[in-house]
Amino acid sequence: MTAEFAVEVFQNEYLPEGAREVDAIVTVSASGGSSAPVSSTDVAQVIIVDCSGSMRYPPAKLNAAKHATVTAIDALRDGVSFAVVEGTDTARMVYPREEGLAVVNDRTRLEAKRLVRGLTADGGTAMGRWLTLADRVLARHRGGLKHAILLTDGQNQHETPAQLSRTLASVSGRFTCDCRGVGTDWQVEELRKVAEAMLGSVDIVADPQGLADDFRAMTATAMGKAVGGVSLRLWTPEGATVAFVKQVSPTVLDLTDRRTESGPRTGDYPIGAWGSESRDYHVCVRVKAAGVGDRMLAGRVSLLTSTGDVLGQGRVLAVWTDDSALSTRINREVAHYTGQAELAEAIQDGLEARKSGDVETATAKLGRAVALATSSGNTDTAKLLAKVVDVVDPVTGTVKLRPKVEDADEMTLDTRSTVTKRVGRP
Amino acid sequence: MTNCPECDAPVGAQDRFCEECGRNLLVRTTPVGGPDGSAAAQCACGSEDIDSDGFCELCGRSQPTGRDRMEFVLPTLAGISDRGRRRARNEDSMAFGQVHARGVAAIVCDGVASSERSDEASQAAVDAANAVLVDALVEGSDPERATVLAVASANRAAGELARPEAPDVAPSCTYVSAMRTESGVVVGWVGDSRAYWLADDGAKTPSRRLTKDDTWAAQLVADGVLTEAEAVNDRRSHVLSRWLGGDSGQVSPHVVTLVPEETGIVLLCSDGLWNYLPEVEDLDAVRPRGAAPLEVARHLVDTALEAGGHDNITVVVIEVGGADDR
């Protein structure tokens, strides 16, 4: 299947004399057009189920995880390659039994589901090892779309954060992985780190009953991808530095440090697999200042397949002017997403301060978050915030910390803090 | 003339039309839509790697293309229109023509910055006026009457660009033209683009400015409200009292005739030049003597650029007097 990609750039290219910073929102849209989804043989999916001892309590948790995995297996199309991995303080193949992938058909589905239903919980948690096994399994797959689902209920206790970071660095970019935390004993920051490195989503499933639907949805999304391993290539002129490259919709994801040099003044940022969808990126480049009246190409954004085919291109411009009516114009897209990134940061900082007992900072940050969520129309986030703080005035962001907050509410707010509202386009 | 300027076919010295393509060999003009500025082969940073959109692959700088720098040369006259250093685009336009053994005509229009698409307005105006003036040269009709008709035609052409829903920003421009025939030079203008007579010697027909600006400040000076010195510093010094375009109504130009008794040049220019060189003395001090019109134009434009290039700069230099067979 060939998806059609479009790249659009939104910015105010006019800069006052002496200014160097050029901001632009780059919207990348992929449409599958009329063609069918990608061929099944192209897709491989690995499901990683946490089977550590904690999954036994409450018993509904492991049962829900098994049920969700079974649902996901049912949702896989015939011909897709798949595997199920059991995660504890080590990683073990559930199906197929030997390290590798099976091809989905009625027989393999039945076998896999039977083995999943027989899973028991015992042992610890070492997600890096789970991902390493998933990576080895997926490395055997020849197709372009490699996807994993990682389900956990606890903290990564049986390896150090440094070990996990090393593993992430080595498997990042080799497949995408959506992460789900079930219950409230896992760590948002930890799982977010995994999901961001693996260009996947992260979410909380506070009620295990919701897992099956979530797994079905994730599998369907993975099946809907048409192109894997896409990257965003950014050319900048001589003397320029890239201040940052961030995905800002549907979620905030800083890609700045993911750059790999691909040519003179050119670097590539991985943006993963694409189905019919649209995402926004905020690019900020610091260029050498030029004279009033000068026009400069401050950046060229190209979209590339893993084989280097250019799918689309957009230009970020800089025009220096002494007309302040032009240079002070605020671009809606840039302003909106700058606010959404600040919103995510304010929530995370606010919750952090709240945990450490710094009421003043927590109140200020979460108040700022309420004001930002309100003014940008991010009602989903505003609702989540209202479960953690009492909102006195949503417009000014006057709030009081709630004395008692459900763990699930706090974790949901934290997990979804990076979910942005799409900029409204007239 | 040995080759047709249109199709390059060989033509005889006495031919009036090209046998190959039918072009009138006695008339030569700037192309409608403006001379196509050629892209530089090398960026100012030294790189030769220019992308298809005209940006340098090394430093990112936009290369001058199209309207940013236009140069055109005909026998006995030449013109340059330059974006300058501070404006995002060139809203000035120029057009000129030469009719063998009859004379030349040239027009400079400066798009009004506060109106929309004023670059289109100035281009439409110069092309419309040039067609009228060149026809008049071919037919040998009265230059003063031709100038009035040219302004009416230019005004219509610019006015047609207006959007009815946005009359306040109707595309508009200034106008100055010169027609050189054997009986002298007829200059017409609307607005603050200027014409100067710059004599080679100055003993018989001294150098002088031929136009009076159609600006509120100039009006106030004429009425004795402001002195010349006060007007220069007045914020209204550039506010036009008359212009061409959709919101200008009926406009007839000021027309003056110059019958010089010696050789020299007639200079047409936009305010991008005369802001830096307002007086004839300034222009006479700067312009190279005995140089070809293009060289004179380049020198004047360079002077304005070096002084800051705050506005678009357009200069047309017309030789006057001397050899008869023009």
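In this numbering scheme, every chain counts its residues from 1 along its sequence in written order. The order in which chains are written sets their letters, starting at A; the order in which ligands are written sets their numbers, starting at 1. Thresholds applied to this predicted model are a pLDDT of at least 70 for local features of residues and 80 or more for the giving and counting of side-chain atom pairs; totals over whole chains, interfaces and linings are not thresholded and use all residues.

## Things to note about the overall build of chain A
Okay, so step 1: Of the regular secondary structure elements, chain A holds eleven helices and 20 strands.
Okay, so step 2: Based on C-alpha atoms, the radius of gyration is set beside the globule rule, defined as 2.2 Å times the residue count to the power 0.38. Scaling as 2.2 N^0.38, a compact globule of 426 residues should have a C-alpha radius of gyration of about 22 Å, and chain A matches this with 23 Å.
Okay, so step 3: Split into buried and exposed, the 426 residues of chain A put 49% on the buried side. Note on conventions: DSSP H or I runs of at least 4 residues are helices, E runs of at least 2 residues are strands, and numbering of each starts at the N terminus. Here a residue counts as buried when 20 or more other C-beta atoms fall within 10 Å of its C-beta, as exposed when 12 or fewer do, and as partly exposed in between; the C-beta atoms come from the backbone.

## Brief notes about the sheet that holds strand S16 (residues 277–286) of chain A
Residues and elements named next belong to chain A.
Okay, so step 1: Reading across the sheet, the five strands line up as S1-S3-S16-S12-S13 and stay open at both edges, with antiparallel pairing between neighbours. The two strands at the open ends of the sheet, each matched to only one other strand, are strand S1 (4–10) and strand S13 (253–254).
Okay, so step 2: Two strands form a pair only when DSSP identifies at least two bridges running between them. When strand S3 (residues 21–31) meets S16, the two strands line up antiparallel, connected through ten bridges. In the sheet register, Val28 faces S16, and the bridge partner there is Arg279.

## Side note on the interface of chain B and chain A
Okay, so step 1: Each side of the interface is counted separately: chain B has eleven residues, and chain A has 13 residues.
Okay, so step 2: Note that Gly is not counted as nonpolar here; it falls among the polar residues with everything else outside the nonpolar set of Ala, Val, Leu, Ile, Met, Phe, Trp, Tyr, Cys and Pro and the charged set of Asp, Glu, Lys and Arg. Here the side of chain B that touches chain A is built from residues that sort into four nonpolar, three polar and four charged. Distance between backbone-placed C-beta atoms decides contact: two residues are in contact if it is within 7 Å.

## What about the pairing of strand S20 (residues 398–401) of chain A?
All names here are of chain A.
Okay, so step 1: Sheet analysis places strand S19 (residues 389–393) next to S20, joined by four bridges and oriented antiparallel. Following the sheet pairing, Asp393 is matched in S20 by Thr398.
Okay, so step 2: Counting the residues that bridge the hairpin from S19 to S20 gives four residues, and of these Gly397 lies at a positive phi of roughly 75°.

## What about helix H1 (residues 118–139) of chain B?
Residues lying three or four places apart along an α-helix face the same way, a consequence of the helix completing one turn every 3.6 residues.
All names here are of chain B.
Okay, so step 1: Multiplying one less than the number of residues by 1.5 Å gives the expected span of a helix. Over its 22 residues, H1 extends 32 Å from the first C-alpha to the last, a length consistent with the 32 Å expected when each residue adds 1.5 Å.
Okay, so step 2: Taking burial as the measure, the 22 residues of H1 include 16 buried ones, the bulk of the element.
Okay, so step 3: Two residues or fewer past H1, Gly140 is found with a positive phi of approximately 70°.

## Remarks on unusual backbone geometry
Okay, so step 1: For the bond running from A:Tyr95 to A:Pro96, omega is -15°, close enough to zero to count as cis.
Okay, so step 2: With respect to the secondary-structure elements, A:Pro96 resides in the loop between strand S6 (91–95) and strand S7 (102–103).
Okay, so step 3: Along the chain, A:Ser249 connects to A:Pro250 via a cis peptide bond; the corresponding omega equals 10°.
Okay, so step 4: Residue A:Leu199 is not a glycine yet carries a positive backbone phi of 55°.
Okay, so step 5: Here B:Asp8, not a glycine, exhibits a phi torsion of approximately 70°, which is positive.
Okay, so step 6: Within the element layout of this structure, B:Asp8 appears in the segment before strand S1 (27–29).

## As for the sheet that holds strand S4 (residues 92–99) of chain B
Residue and element names in this part refer to chain B.
Okay, so step 1: Taken in spatial order, the six strands line up as S1-S4-S5-S7-S8-S12 in an open sheet, and their pairing is antiparallel. Strands at the two margins of the open sheet, each flanked by one partner only, are S1 and strand S12 (254–258). Across the sheet, the mean angle from the axis of one strand to that of its neighbour is 10°, orientation sign disregarded.
Okay, so step 2: Across three bridges, the pairing between S1 and S4 is antiparallel. Bridge pairing in S4 links Thr29 to Gly97.
Okay, so step 3: In the packing of H1 onto the sheet, the strands contacted are S1, S4, strand S5 (103–110) and strand S7 (175–181), and the crossing angle to S4 comes to about 15°.
Okay, so step 4: Here helix H2 (residues 143–159) sits on the sheet and contacts S7, strand S8 (184–190) and S12; the angle it forms with S7, its principal contact strand, is near 150°. Each axis is a line fitted through C-alpha atoms, taken for helices only over the stretch in contact, and angles between the N-to-C directions span 0 to 180 degrees.

## Things to note about the packing of helix H1 (residues 59–75) of chain A against helix H6 (residues 211–223) of chain A
Residues and elements named next belong to chain A.
Okay, so step 1: The interhelical angle for the contact between H1 and H6, taken along N-to-C directions, is 30°, at an axis separation of 8 Å. Taken together, the axis directions place H1 and H6 in an arrangement best described as roughly parallel. Pair H1 / H6 crosses with right-handed handedness. Residues Ala64, Ala65, His67, Ala68, Thr69, Thr71, Ala72 and Ala75 of H1 pack against Leu211, Ala212, Asp214, Phe215, Arg216, Thr219 and Ala220 of H6.
Okay, so step 2: Split into classes, the residues belonging to the contact of H1 with H6 amount to nine nonpolar, four polar and two charged. We call two directions roughly parallel when the angle between them is under 35 degrees, roughly antiparallel when it is over 145, roughly perpendicular when it lies between 65 and 115, and oblique otherwise. Helix crossings are classified by the rotation of the near helix relative to the far one: an anticlockwise turn of less than a right angle makes the crossing left-handed, while a clockwise turn makes it right-handed.

## Considering the environment of A:Gly267
Okay, so step 1: In this structure, A:Gly267 sits in strand S15 (residues 266–274).
Okay, so step 2: As a C-alpha pair, A:Gly267 and A:Gly377 span 110 residues in sequence and 34 Å in three-dimensional space.

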